[in-house]
Amino acid sequence: MEPFTTLNSVAAPLPVADIDTDILFPARFLLITGKDGLGRYAFHDWRFDAEGRELDFVLSRAPWDRARILVTGANFGCGSSREHAPWALHALGIRCVIAPSFGEIFQGNCFKNGMLPITLGSEPHKRLLAEAEAGRALTVDLPAGAIRLADGAAIGFDVPPRQRDSLVNGWDEIDLIRARHADAIRAFQLHQQAVQPWLWTADTQEPNHG
Amino acid sequence: MDAPKPAPRTLYEKLWDAHVVAPLDADSALLHIDRQLLHEVSSPQAFAEIEGKGLAVARPAAHLGLADHAVPTRNRDRPIADPKARAQVALHAENCARHGIDYLSLDDARQGIVHIVGPEQGFTLPGITLVCGDSHTATHGAFGALAFGIGTSECACVLATGVLPQRKARTMAVELRGRLGDGVGAKDVILALIARIGASGAAGHAIEYRGAAVAAMSMEARMTLCNMSIEAGSRTGLIAPDATTLAYVEGRPRAPKGADWTRAAAYWRTLSTDAGAAFDRVETFDVSRLAPMVTWGTSPDQGIAIDAGIPAPATVKDRQALDYMGLTAGQRLAGTPIDAVFIGSCTNSRIEDLRAAAAVVRGRRVAAGVQALVVPGSGLIKRQAEEEGLDRVFTDAGFSWRDAGCSLCVAMNDDRLASGTRCASTSNRNFEGRQGAGARTHLMSPAMAAAAAVTGRIVDVRTLG
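Keep in mind it's a predicted model, so treat the numbers as computed, not measured.

Asker: Any chance you could explain the overall build of chain A here in plain terms?
Answerer: For chain A, the count of helices and strands is 7 helices and 7 strands. Reading the secondary structure of chain A in the N-to-C direction produces β-α-α-β-α-β-α-β-α-β-β-β-α-α. With the C-alpha coordinates aligned to their principal axes, the bounding extent of chain A is approximately 60 × 45 × 25 Å. A total of 210 residues make up chain A; the buried ones form 53% of that total. Side-chain charges in chain A split into 20 positive and 26 negative, and the spacing between the mean points of these groups amounts to 3 Å.

Asker: Looking at this structure, how should I read helix H10 (residues 258-268) of chain B?
Answerer: Three or four residues apart is the spacing at which side chains of an α-helix point the same way, because the helix has 3.6 residues per turn. Residues and elements named next belong to chain B. Taken together, the buried positions of H10 are occupied by Asp260, Trp261, Ala264, Ala265 and Trp268. When H10 is viewed along its axis, its buried side chains cluster within an angular range of 125° and face the same direction. Turned more than 90 degrees away from the buried face of H10 sit Ala259 and Thr262, all of them exposed. For H10, the secondary structure elements touched by its buried residues are helix H9 (243-249).

Asker: I would appreciate a short explanation of the sheet that holds strand E10 (residues 205-210) of chain B in the present structure.
Answerer: Where strands meet in a sheet, backbone hydrogen bonds hold them as pairs that are either parallel or antiparallel. All names here are of chain B. Read across the open sheet, the 4 strands follow the order E11-E10-E9-E12; overall the sheet is parallel. Each having just a single partner strand, strand E11 (236-238) and strand E12 (281-286) make up the two edges of the open sheet. Here the strands of the sheet are splayed against their neighbours by 20° on average, with no regard to which way each runs. Summarising the sheet, E10 and E11 pair through 3 bridges and their orientation is parallel. Bridge pairing links alanine 206 to threonine 236 in E11.

Asker: Would you explain the UniProt feature "domain: Aconitase A/isopropylmalate dehydratase small subunit swivel" (unreviewed entry) in chain A in this entry?
Answerer: On the UniProt side, "domain: Aconitase A/isopropylmalate dehydratase small subunit swivel" (unreviewed entry) is annotated at positions that read residues 1-120 of chain A here. Secondary structure across residues 1-120 of chain A comprises 20% helix and 18% strand; the distance between its end C-alpha atoms is 25 Å.

Asker: Before we go on, may I ask you to explain the pattern of salt bridges in this structure?
Answerer: Once the charged atoms of two side chains with opposite charge are near each other, the side chains can pair. Following the criterion strictly, the structure yields 36 salt bridges over all chains and no others. Of the charged contacts, one joins Asp49(A) and Arg53(A) as a salt bridge, the two residues approaching to 2.9 Å between their closest N and O atoms. Between Arg429(B) and Glu231(B) there is a salt bridge, and its shortest N-O distance comes to 2.5 Å. Linking Arg429(B) in the loop between strand E18 (422-425) and strand E19 (440-443) with Glu231(B) in the loop between helix H8 (219-227) and E11, this pair joins segments that are 198 residues apart in sequence. When sorted by exposure, Arg429(B) lands in the same class as Glu231(B), which is buried. Beyond isolated ion pairs, a larger network of salt bridges with shared partners links Asp18(A), Asp301(B) and Lys317(B).

Asker: What should I look at first to understand the packing of helix H3 (residues 84-91) of chain A against helix H4 (residues 104-111) of chain A in this one?
Answerer: For any two helices packed against each other, the geometry comes down to the angle between their axes and how far apart the axes lie. Residue and element names in this part refer to chain A. H4 packs onto H3 with a crossing angle of 50° between their chain directions and a minimal axis gap of 9 Å. Considered as vectors, H3 and H4 are oriented oblique to each other. Like other packed secondary-structure pairs, H3 and H4 cross with a definite hand, here right-handed. Contacts from Ala85, Pro86 and Leu89 of H3 reach H4 at Phe106, Asn109 and Cys110. Class assignment for the residues of the contact of H3 with H4 results in 5 nonpolar, 1 polar and no charged.

Asker: Looking at this structure, how should I read the domain arrangement of chain B?
Answerer: All names here are of chain B. For chain B, the assigned domains read domain 1 (11-168) and domain 2 (294-463). Its C-alpha centre places domain 1 at a distance of 28 Å from the equivalent point of domain 2. If you look at the interface, domain 1 gives 23 residues, while domain 2 gives 24 residues. The tally of links from domain 1 across to domain 2 stands at 0 salt bridges. At the boundary of domain 1 and domain 2, one finds 12 residue pairs in polar contact (both at pLDDT 80 or more). It is helix H4 (residues 114-121) that contributes the most residues to the side of domain 1 that touches domain 2, 5 residues altogether. Looking at the side of domain 1 that touches domain 2, its residues break down into 8 nonpolar, 10 polar and 5 charged.

Asker: What is the right way to read the UniProt feature "binding site: [4Fe-4S] cluster" (unreviewed entry) in chain B from this model?
Answerer: Residue and element names in this part refer to chain B. Following the UniProt record, one finds the feature "binding site: [4Fe-4S] cluster" (unreviewed entry) at Cys346, Cys406 and Cys409. In summary, the annotated positions, though distributed over 64 residues, converge in three dimensions, the widest C-alpha pair being only 8.6 Å. Residue position: cysteine 406 is located in the loop between strand E17 (400-401) and E18. Judged by relative accessible area, cysteine 406 falls into the buried class, the value being 8%. When sequence neighbours within four positions are dropped, the list of residues in contact with cysteine 406 reads Asp68, His69, Ile113 and Phe342. Checked against the element boundaries, cysteine 409 lands in the loop between E17 and E18. For cysteine 409, the contacting residues outside a window of four places in its chain are Phe342, Ser345, Ser427, Asn428 and Arg434.

Asker: Just to check I follow, could you spell out the pairing of strand E9 (residues 170-177) of chain B for this structure?
Answerer: All names here are of chain B. The element E9 is largely enclosed, with a buried count of 6 among its 8 residues. As defined by bridge partners, E9 adjoins E10 across 6 bridges and the pair is classed as parallel. Bridge assignment links arginine 170 to a residue of E10, and that residue is histidine 205. With helix H6 (residues 186-197) bridging E9 and its parallel neighbour E10, the resulting β-α-β unit is right-handed.

Asker: Is there a simple way to explain the packing of helix H7 (residues 173-195) of chain A against helix H5 (residues 152-161) of chain B in this structure?
Answerer: Taken N-terminus to C-terminus, the directions of H7(A) and H5(B) make an angle of 35°; their axes are 11 Å apart at the nearest point. As H7(A) runs across H5(B), the sense of the crossing is right-handed. Contacts from Glu173(A), Ile174(A), Ile177(A), Arg178(A) and Ile185(A) in H7(A) reach Ala156(B), Cys157(B), Ala160(B) and Thr161(B) in H5(B). Grouping the constituent residues of the contact of H7(A) with H5(B) by class yields 6 nonpolar, 1 polar and 2 charged.

Asker: Would you explain the nonpolar core in this entry?
Answerer: When a protein is soluble and globular, its nonpolar side chains tend to lie buried together. Counting 191 residues, the largest nonpolar core has Phe43(A), Phe76(A), Tyr209(B), Val341(B), Phe394(B) and Phe399(B) as its most contacted members. In this structure Val341(B) touches Val370(B), Gln371(B), Ala372(B), Leu373(B), Phe399(B), Cys423(B), Ala424(B), Ala449(B), Ala452(B) and Ala453(B), once residues within four positions along its chain are discounted. In terms of nonpolar packing, the next biggest core, distinct from the first, is built from 23 residues, Phe4(A), Cys96(A), Ile118(A) and Ala132(A) among them.

Asker: How do you make sense of unusual backbone geometry when you look at a structure like this?
Answerer: Trans peptide bonds make up most of the peptide bonds, and negative phi angles are found at most residues other than glycine. Residue Pro63(A) is reached from Ala62(A) by a cis peptide bond, and omega for that bond is 5°. Relative to the helices and strands, Pro63(A) is located in the loop between helix H2 (44-47) and strand E2 (69-72). The backbone phi angle of Phe43(A) is positive, close to 55°, even though this residue is not glycine. Inspection of the secondary structure puts Phe43(A) in the loop between helix H1 (21-24) and H2. Positive phi is not limited to glycine here, since Ser345(B) has a value of about 90°. Looking at the element boundaries, Ser345(B) is found in the loop between strand E15 (340-343) and helix H12 (351-361).

Asker: Could you clarify how one ought to interpret the pairing of strand E3 (residues 96-99) of chain A in this entry?
Answerer: All names here are of chain A. Judged by which residues are buried, E3 turns out to be covered on both faces: Cys96 and Ile98 on one side and Val97 and Ala99 on the other are all buried. When E2 meets E3, the two strands line up parallel, connected through 3 bridges. Directly across from isoleucine 69, in E3, lies its bridge partner cysteine 96. Each parallel crossover has a hand, and for E2 linked through H3 to E3 it is right-handed. In terms of strand pairing, E3 meets strand E4 (residues 116-119) through 4 bridges, oriented parallel. Each bridged residue has a counterpart across the sheet, and for cysteine 96 the counterpart in E4 is leucine 116. The handedness of the E3 to E4 crossover, carried by H4, is right-handed.

Criteria and cut-off values
- Residues numbered from 1 in each chain as written.
- Chains lettered and ligands numbered in written order.
- Predicted model: local features only at pLDDT ≥ 70, side-chain atom pairs only at ≥ 80, totals over all residues.
- Heavy atoms only, no water.
- Helix = DSSP H or I, 4+ residues; strand = E, 2+ residues; numbered from the N terminus.
- Buried < 20%, exposed > 50% of the residue type's maximum accessible area, 1.4 Å probe, protein only.
- Lys, Arg positive; Asp, Glu negative; His and termini not counted.
- Charge placed at Lys NZ, Arg CZ, Asp CG, Glu CD.
- Arc of directions from axis to C-beta.
- Contact = heavy atoms within 4.5 Å.
- Pairing = 2+ DSSP bridges.
- Axes fitted to C-alpha atoms, helices over the stretch in contact; angles between N-to-C directions.
- UniProt positions renumbered as here; feature names shortened; annotations may be inferred.
- Salt bridge = Lys/Arg side-chain N within 4 Å of Asp/Glu carboxyl O.
- Parallel < 35°, antiparallel > 145°, perpendicular 65-115°, else oblique.
- Left-handed = near helix turned anticlockwise from the far one by under 90°.
- Nonpolar A, V, L, I, M, F, W, Y, C, P; charged D, E, K, R; others polar.
- Domains from an automatic or database assignment.
- Polar contact = N/O pair within 3.5 Å; in protein donor to acceptor, adjacent residues only side chain to side chain.
- Right-handed = clockwise from strand over helix to strand, strands pointing away.
- Core = buried A, V, L, I, M, F, W, Y, C linked by side-chain atoms within 4.5 Å.

Below, the structure written as structure tokens:
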């Protein structure tokens, strides 16, 4: 995974609550089976009209067309589990989303893709929104747990230590689990086979390809 | 000296404790994942990821593959017309075959929506952890399984390792008291709950539904209730297994048999919240005076009783929603003309849902100009409905009777609504563009959707007689 340490960028203001995953990545584009070229589908129906003409949307306007940070409303990314939503935002250049709260699955998906979702209380969120609207750059410093404003002020934020360490180091979760927990997994499974054997009866059968 | 009495635990805590492989930090642990459902949309990149690492699937028997989101609901004897959908479904079948994972193909009678088929086949069992790259995995919590939706990276992690790092949720009890009135069901309960607590009201919490109204519900109704937990922000909805649960599970193809059954059933009966166990939050809800619910906006929490008026907009979201839906504050939804009706989805496509809709439709006709669709949740439900003659009730009335799939809930196949079309839908999301770009969705129960179909407008099913 691509490591995340510090990020300096203007922040795009999008102060709308409950932006759902169908807005972030409309379902009709989910037939794609890869991860490449998804940027054009991010916020698709808010960015383009039915004929594909560009609409007036914050991420299409300077200076925010270069924004790598998004400051948005509460419950951002609610709805579906589709990881296409963070993949598409990432492809658009967004690496950090700042909101009062997030849809949980989306938030988890961000961490898995080198993106930082920051949850902030009402007052600091308002302040950052004003900075974003003014087109001033922010510096997000993950190791320090702080967002620095153009005037030198800093706003602290919390990220669960496990997610922070993974992001800062760019750790791959599957590799990490295999390296650190293989014995514990085996021990758990042997125990479960003994006490709940009914969960293991299919393991010895040939797969069924209806 | 007596051993210290174990502290009372909630059902969620029992399921959590039973699956901890290793603690990770103060509030998270590596959880063993007993079962994973794989569908064609969220898993291709997961298979690609583990193959890119040169890894095999750790435990093929822990997975079950199906195609449901992208599949057509007509002409199933022919190749899928849309080349992208055809390729996606074919890739899923190949991925499952290559890794020795059970796969139910489109011509298998058992095929259907993952959240319908899992319980039907006994793949879903009480006491297990179950995941799927789909947020409505909360459905399976109706069996007392710790079930939650995950992203594609997590699907890959479960395929490769059989475990997932998870943060422990806070617990929330939803106490459902009283008895539901005629014409009011589980869909109305969950829509009312979401309207009350909000689309992120239960974020960070695992909900346990309890109380007399839950005890009286069938498994089908309980699945409807748990299914939409994510629409209140919670990844997990739970109901403790009871006699109703065991009666549903017993005899299913993958359910334990013989001595295993006896042993499993004894364990499952221990899976309830202990007396004295504390929840972080409790919501109490008397359902006895609940009216049928309908959503007016583009978020599942924008719902009202059929006899209420649309509230005045309080937020940007409300104003945008009214604008998108072509409605005004103060307006009553009853009487609003509709263009389309969809009866289906992992929320409401089970046999009971079809029976409830058919009971309203019987002897009536779909109103002129209304496009009405019934999509059973699985091939087995379709067959059962046909044995009961429900298909004839629908087709005689002018409904289109289809093959199983997600269909117009997510509009990834060719069932899609035109911009501006207003739909009475039994599905779970009324998001902008969900049933087609610009389409307008009103969520409601199967009985209410059936009533809308035969009158051509949103109507209180209780007034139809």
